[in-house]
Amino acid sequence: MATTEDPTNPQLPPVQALQELPQAQQQLQQTHSSILPQYPEMIMAAIEALDDKNGSNKSAISKQIESTYPDLPAAHTTLLSHHLNKMKQSGQLLMVKNNYMKPDPNAPPKRGRGRPPKPKAPVPPGTVIGPPRPRGRPPKPRDPFAPVASPKKKTTSGSGRPRGRPPKKSNTEAAPTSAPAAQAKGVKRGRGRPPKVKVFIQPNYLQNFVQSTFNALTAEKVRGATLVVSGDGRYYSKPAIQIIIKMAAANGVRRVWVGQNGLLSTPAVSAVIRERVGIDGSKATGAFILTASHNPGGPHEDFGIKYNMENGGPAPEGITDKIYENTKSIKEYLIADLPDVDISAIGVTNFGGPEGQFDVEVFDSASDFVKLMKSIFDFESIRKLLSCPKFTFCYDALHGVAGAYAKRIFVEELGAQESSLLNCVPKEDFGGGHPDPNLTYAKELVARMGLSKSSSQVEPPEFGAAADGDADRNMILGKVEAIPYFSAGLKGVARSMPTSAALDVVAKHLNLKFFEVPTGWKFFGNLMDAGLCSICGEESFGTGSDHIREKDGIWAVLAWLSILAYKNKENLNGGKLVTVEDIVRNHWATYGRHYYTRYDYENVDASAAKELMAHLVKLQPSLGEVNEIAKGIRTDVSKVVHADEFEYKDPVDGSISRHQGIRYLFEDGSRLVFRLSGTGSEGATIRLYIEQYEKDSSKTGRDSQEALAPLVEVALKLSKMQEFTGRSAPTVIT
């Protein structure tokens with residue numbers, strides 16, 4: 001029984017491991033906008049306020065509590081029933097004709113069951129009383145000279161069934177029971193690497209987060225609601241899904257939707273929330289997504305959980321703050337005594353729940369998402385491109401959840417050869433690999449595309465793509481009016497602050513609304529909900545549009561294929577095909593090239609990472625000193641004209657997000673960005689983003705590392721990276 005995680009993003013890990021509480025302390029303390037008294041205290045106060053000599057029924061007590069405390073948890077009805085029953089059993093309340101009342105303090109003590117003991121004769125003074133004889137027949141006297149017998153072996157019946165009457169099977173009534181959650185110091189995590197599986201399977205870790213989430217939501221989003229529970233299929237997902245289903249039933253949820261085998265990509269979850277309608281007209285109000293994004297999976301690797309809202313996007317900070325506060329005070333969680341649901345078979349399982357019927361529906365993971373993609377893209381034009389002998393294609397799912405969609409979309413819908421799919425069978429450990437679609441970890445695709453030292457002599461495909469574990473990130477590789485959905489024009493575009501500024505130049509040229517936001521997809525969601533943004537992206541291989549409220553790796557691949565199909569509509573029967581490289585080089589010729597790289601220093605000592613960031617902030621007010629240091633390192637870099645800590649005011653709700661990364665902006669449009677990416681279970685990650693802008697078309701074809709070398713040297717020495725971290729090289733270069 002485990003708990004707590006701050007779900008600010010797809011891999012937000014829980015709070016620290018929690019300790020069991022004694023049974024006597026199982027009182028739920030809710031933390032919403034105000035601190036509520038414990039339930040026994042509220043019940044006693046309500047009975048006293050009602051002041052009925054015949055006692056008060058549950059309905060009257062509930063109404064009295066609701067009128068006194070308006071900010072009650074969503075599971076109020078269930079919690080009230082539980083505590084009334086508990087107080088009755090302990091003798092704190094009496095129940096007479098369905099009414100509860102306080103015991104009369106002047107009533108004679110209640111005699112126990114059975115015959116009263118006989119009066120004992122008085123014992124004469126000075127009598128020594130020996131210890132009482134134990135129950136049962138006394139043992140026979142033992143021969144002290146007898147040999148010691150060897151211990152008897154336990155025997156079982158031939159059937160292998162243990163002796164004695166078998167226990168009764170539990171029925172399918174989802175009667176809620178409570179179990180102690182535990183109290184821990186609240187630790188609010190930012191983005192960064194999530195905890196290991198071994199952390200999640202500790203007692204009360206997962207359950208704390210789930211119950212804290214239910215307690216943070218309004219009643220209409222829990223009681224009688226429909227929730228989605230699925231993820232990327234990584235290790236521990238299946239047990240976690242069963243736990244969440246049982247907790248949902250106990251908290252009054254009406255139905256839970258689960259993707260077959262527990263598989264739904266993060267973008268598909270968003271699509272299901274926004275698009276799927278149940279047979280009875282039901283719509284989902286939220287989802288628990290089980291994923292650690294692009295981090296590895298397995299018994300000794302990473303696990304994560306987050307909550308998405310009714311718009312399909314990650315929970316906003318107002319909700320995640322409530323969840324965080326709840327994890328600091330929660331003392332119990334609710335869970336129903338139900339059998340596990342077979343999530344491998346499509347169908348509906350019905351139970352009786354505390355609020356009425358409770359259903360679990362297992363549905364096809366791909367159908368809703370495929371339907372949405374077909375409404376966005378011209379599948380027929382992409383099919384023509386993929387059927388052209390001159391165009392070859394390769395897609396690598398890295399054994400992540402994208403494999404559940406790849407065959408359906410690329411093979412069955414678009415006619416690609418099945419041999420064009422790599423690693424498209426989802427596995428709990430991602431085949432032992434790291435499901436991060438970059439040049440370091442997508443080794444097989446990189447080799448197939450002819451970009452590695454071990455590449456074969458076979459002609460590489462024209463187009464290659466890879467997805468991460470939960471299929472929201474992507475990498476596009478190529479031999480280095482198109483989308484119907486955008487036929488009415490773009491509402492606006494946005495990028496996260498560390499992402500390359502190439503989008504800024506295009507937006508200015510096309511006179512489009514442009515937004516620069518902090519890292520985190522929820523900031524894009526606000527813009528999309530307000531109708532201000534159509535396309536957005538962040539540097540960690542994440543792009544998407546306003547069709548859902550998550551980044552979408554498969555959408556990105558289909559978008560590129562649509563562009564290629566549009567550019568080649570006259571070339572499929574003859575002539576040279578327009579390639580990804582042709583499109584990119586044309587972009588450089590028009591807008592200039594943004595040479596870009598990211599250095600990740602993972603598992604750095606947290607205090608050392610903070611000292612490095614403080615050093616960079618301290619330098620910012622003295623740009624003269626900064627430029628003197630920079631020129632002393634390399635004379636061929638531009639002048640620093642601005643330095644700050646990025647701050648964002650949301651144009652929709654006016655909220656302000658501070659300390660979102662340290663920026664050094666250069667006169668020629670180049671940038672250095674330093675960002676601390678959370679403090680995970682194994683230290684902090686420092687991300688260094690280096691961007692060199694080049695407008696001279698004669699210099700846009702240089703090797704990236706060569707073009708970036710001067711800025712890289714300045715960044716490492718200006719920040720004193722090795723001095724603070726002890727690292728002579730980054731963990732990963734992207």
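Fair warning: this is a prediction, and the values are worked out from it, not measured in the lab.

1. Some words on the overall build of the protein chain
Item 1. Secondary structure assignment for the protein chain yields 20 helices and 26 strands.
Item 2. Burial status across the protein chain gives 53% buried among its 734 residues.
Item 3. Surface summary for the protein chain: the accessible area is close to 34800 Å², and the carbon and sulfur share equals 52%.

2. Quick look at the environment of V229
Item 1. Mapped onto the elements of the fold, V229 is located in strand β4 (residues 226-231).
Item 2. Residues V229 and V258, spaced 29 residues apart in sequence, show a C-alpha to C-alpha distance of 5.3 Å.
Item 3. Not counting residues up to four positions away in its chain, the partners in contact with V229 are I241, I244, V256, W257, V258, G259 and F288.

3. Section: the pattern of salt bridges
Item 1. Summed over all chains, the structure comprises 35 salt bridges.
Item 2. Between K306 and E550 there is a salt bridge, and its shortest N-O distance comes to 2.6 Å. Each member of the pair, K306 as well as E550, carries the same accessibility label: buried.
Item 3. For the salt bridge of R671 with E516, the shortest nitrogen-to-oxygen distance reads 3.8 Å. Linking R671 in strand β24 (residues 671-680) with E516 in strand β16 (residues 514-517), this pair joins segments that are 155 residues apart in sequence. The same class applies to R671 and to E516, which are both buried.

4. So, the packing of helix α9 (residues 367-376) against helix α11 (residues 403-413)
Item 1. One can describe the packing of α9 onto α11 by two numbers: an axis separation of 10 Å at closest approach and a directional angle of 45°. Taken as axis vectors, α9 and α11 run oblique relative to one another. α9 and α11 meet at a crossing whose hand is right-handed. Contacts between α9 and α11 involve S367, F369, V370 and K374 from the first element and Y405, R408, I409 and E413 from the second.
Item 2. Taken together, the residues of the contact of α9 with α11 sort by class into four nonpolar, one polar and three charged.

5. Some thoughts on helix α19 (residues 704-719)
Think of an α-helix as turning once every 3.6 residues; residues three or four places apart then point the same way.
Item 1. With 16 residues, α19 should cover 22 Å at 1.5 Å per step; its first-to-last C-alpha distance of 22 Å lies within 8% of that length.
Item 2. Maximal helix bending in α19 amounts to about 45°, located at P710.
Item 3. Of all the residues in α19, the buried ones are A707, L708, P710, L711, V712, V714, A715, L718 and S719.
Item 4. Put simply, D703 is the residue that caps the front of α19, since its side-chain oxygen is 3.1 Å from the backbone nitrogen of Q705.
Item 5. Following α19 by one or two positions, K720 adopts a phi angle in the positive range, close to 55°.

6. Description of the nonpolar core
Item 1. Membership of the largest hydrophobic core comes to 64 residues, with the highest contact counts inside it found for F214, F288 and I305.
Item 2. Tallying contributions element by element places helix α6 (residues 237-250) first for this core, with nine residues.
Item 3. Taken together, domain 1 (42-69 + 76-101) and domain 2 (176-364) each give at least three residues to this core, which thus spans both.
Item 4. F377, C388, A406 and A482 belong to the second largest nonpolar core, which has 61 residues in total.

7. Here's the deal with the packing of aromatic side chains
Item 1. In total, this model carries 17 aromatic pairs according to the counting rule given.
Item 2. Seen from their ring centres, Y236 and F303 are 5.3 Å apart, and the 70° between their planes marks the pair as edge-to-face. Placement of the pair is Y236 in the loop between β4 and α6 and F303 in the loop between β6 (286-290) and β7 (305-308), with a sequence separation of 67 residues. Here Y236 and F303 have matching classes, each one buried.

8. Quick word on the pairing of strand β11 (residues 393-396)
Item 1. Across the two faces of β11 the burial is the same, with F393 and Y395 and C394 and D396 all buried.
Item 2. Both β11 and strand β13 (residues 463-467) contribute to a ladder of four bridges, which runs parallel. For Y395, the partnering residue across the bridge sits in β13 and is A465.
Item 3. Two elements, β11 and strand β12 (residues 421-422), share two bridges in a ladder whose sense is parallel. Bridge pairing links Y395 to L421 in β12.

9. Here we look at unusual backbone geometry
Item 1. A positive phi angle is found at D51, which is not glycine, with a value near 50°.
Item 2. Mapped onto the secondary structure, D51 falls in the loop between α1 (39-50) and α2 (58-68).
Item 3. Judged by its relative accessible area of 65%, D51 falls in the exposed class.
Item 4. Although it is not a glycine, N511 adopts a positive phi angle of roughly 60°.
Item 5. Within the secondary structure layout, N511 lies in the loop between α13 (502-510) and β16.

10. Brief notes about the sheet that holds β16
Item 1. Read from one edge to the other, the open sheet built from four strands follows the order β16-β15-β17-β18, with strand pairing classed as mixed. With one partner strand each, in any of the chains shown, β16 and β18 (542-545) form the two edges of the open sheet. On average, each strand axis in the sheet is tilted by 15° relative to the strand beside it, whichever way the strands run.
Item 2. With four bridges connecting them, strand β17 (residues 535-538) and β18 associate as antiparallel partners. Bridged to E538 within β18 is G542.

11. Section: the packing of α1 against helix α3 (residues 76-90)
Item 1. At a minimum axis distance of 10 Å, the contact between α1 and α3 shows a crossing angle of 80°. Classified by the angle their axes make, α1 and α3 are roughly perpendicular. Across from Y39, P40, I43 and M44 in α1, the residues of α3 making contact are H76, L79, L80, H83, L84 and M87.

12. Quick notes on the confidence of the model for the protein chain
Item 1. Considering every residue of the protein chain, the mean pLDDT works out to 83; 81% of them sit at 70 or more.
Item 2. A low-confidence stretch, residues 183-190 (pLDDT under 50), is modelled with 37 contacts involving residues beyond four sequence positions or located in other chains.

13. Notes on the state of the cysteines
Item 1. Counting across every chain of the model gives zero disulfides.
Item 2. Of all cysteine sulfurs in the structure, the one in C424 sits closest to C394, which takes part in no disulfide; the separation is 8.7 Å.
Item 3. Among the residues examined, C424 registers a relative accessible area of 17% and is labelled buried.

14. Points about the side chain of R598
Item 1. Here R598 lies in strand β19 (residues 593-604).
Item 2. Judged by relative accessible area, which is 9%, R598 ranks as buried.
Item 3. A distance of 2.8 Å separates a polar atom in the side chain of R598 from a polar atom in the side chain of D600.
Item 4. Those residues in contact with R598 that lie beyond four places of it in its chain are E539, S540, R687, L688, Y689, V732, I733 and T734.

15. Focus: the environment of A240
Item 1. Looking at the secondary structure, you find A240 in helix α6.
Item 2. According to the relative accessible area criterion, A240 is buried, its value standing at 0%.
Item 3. Leave out the neighbours within four places in its chain, and A240 touches L206, L290 and F303.

Thresholds, definitions, all that
Once a new chain begins, its residue numbering starts again from 1 and follows that chain's sequence as written. Reporting of local features is limited, given that this is a predicted model, to residues whose pLDDT is at least 70; pairs of side-chain atoms are given and counted only at 80 or more, and all residues count toward the totals for whole chains, interfaces and linings. Neither water nor hydrogens contribute to the side-chain values; these are computed over all heavy atoms in the structure. In this description a helix means any DSSP run of H or I spanning at least four residues, a strand means any run of E spanning at least two, and both kinds are numbered starting from the N terminus. Here's how the labels work: a residue is buried when its accessible area is under 20% of the maximum for its type, exposed when over 50%, partly exposed in between, all with a 1.4 Å probe on protein chains only. Only the protein chains shown count as cover for residues, with accessible areas throughout obtained via the Shrake-Rupley method and a probe of 1.4 Å. It only takes one pair of heavy atoms within 4.5 Å for two residues to be counted as in contact. The rule for a salt bridge is simple: a side-chain nitrogen of Lys or Arg has to be within 4 Å of a carboxyl oxygen of Asp or Glu. The angle between two axes is taken between their N-to-C directions and runs from 0 to 180 degrees, where each axis is a line fitted to C-alpha atoms and a helix contributes only its stretch in contact. In this scheme, roughly parallel covers angles under 35 degrees and roughly antiparallel covers those over 145, while 65 to 115 is roughly perpendicular and the rest are oblique. Should the near helix be turned anticlockwise from the far one by less than a right angle, the crossing is left-handed, and should it be turned clockwise, the crossing is right-handed. In this classification, the charged set is Asp, Glu, Lys and Arg, the nonpolar set is Ala, Val, Leu, Ile, Met, Phe, Trp, Tyr, Cys and Pro, and all remaining amino acids, among them Gly, are polar. To estimate how far a helix should reach, multiply one less than its number of residues by 1.5 Å. Across the chain, bend at a residue is computed as the angle between axes fitted to the seven residues ending at that point and the seven starting from it. Whenever a nitrogen or oxygen atom comes within 3.5 Å of another N or O atom, the pair is scored as a polar contact, on the condition that within protein one atom can donate a hydrogen and the other can accept it, and that pairs from neighbouring residues in sequence are kept only if both atoms are in side chains. Among buried residues, the Ala, Val, Leu, Ile, Met, Phe, Trp, Tyr and Cys ones that are joined through side-chain atoms within 4.5 Å form a nonpolar core. Where a domain begins and ends is set by an automatic assignment or by a domain database. Here a Phe, Tyr or Trp ring, Trp counted by its six-membered ring, pairs with any other such ring whose centre lies within 6.5 Å, and the pair is stacked when the planes are under 30 degrees apart, edge-to-face when over 60, and tilted otherwise. In this analysis, strands are considered paired if DSSP registers two or more bridges between them. Confidence scores labelled pLDDT are given residue by residue by the predictor and lie between 0 and 100. When two cysteine sulfur atoms are found within 2.5 Å, that pair is recorded as a disulfide.

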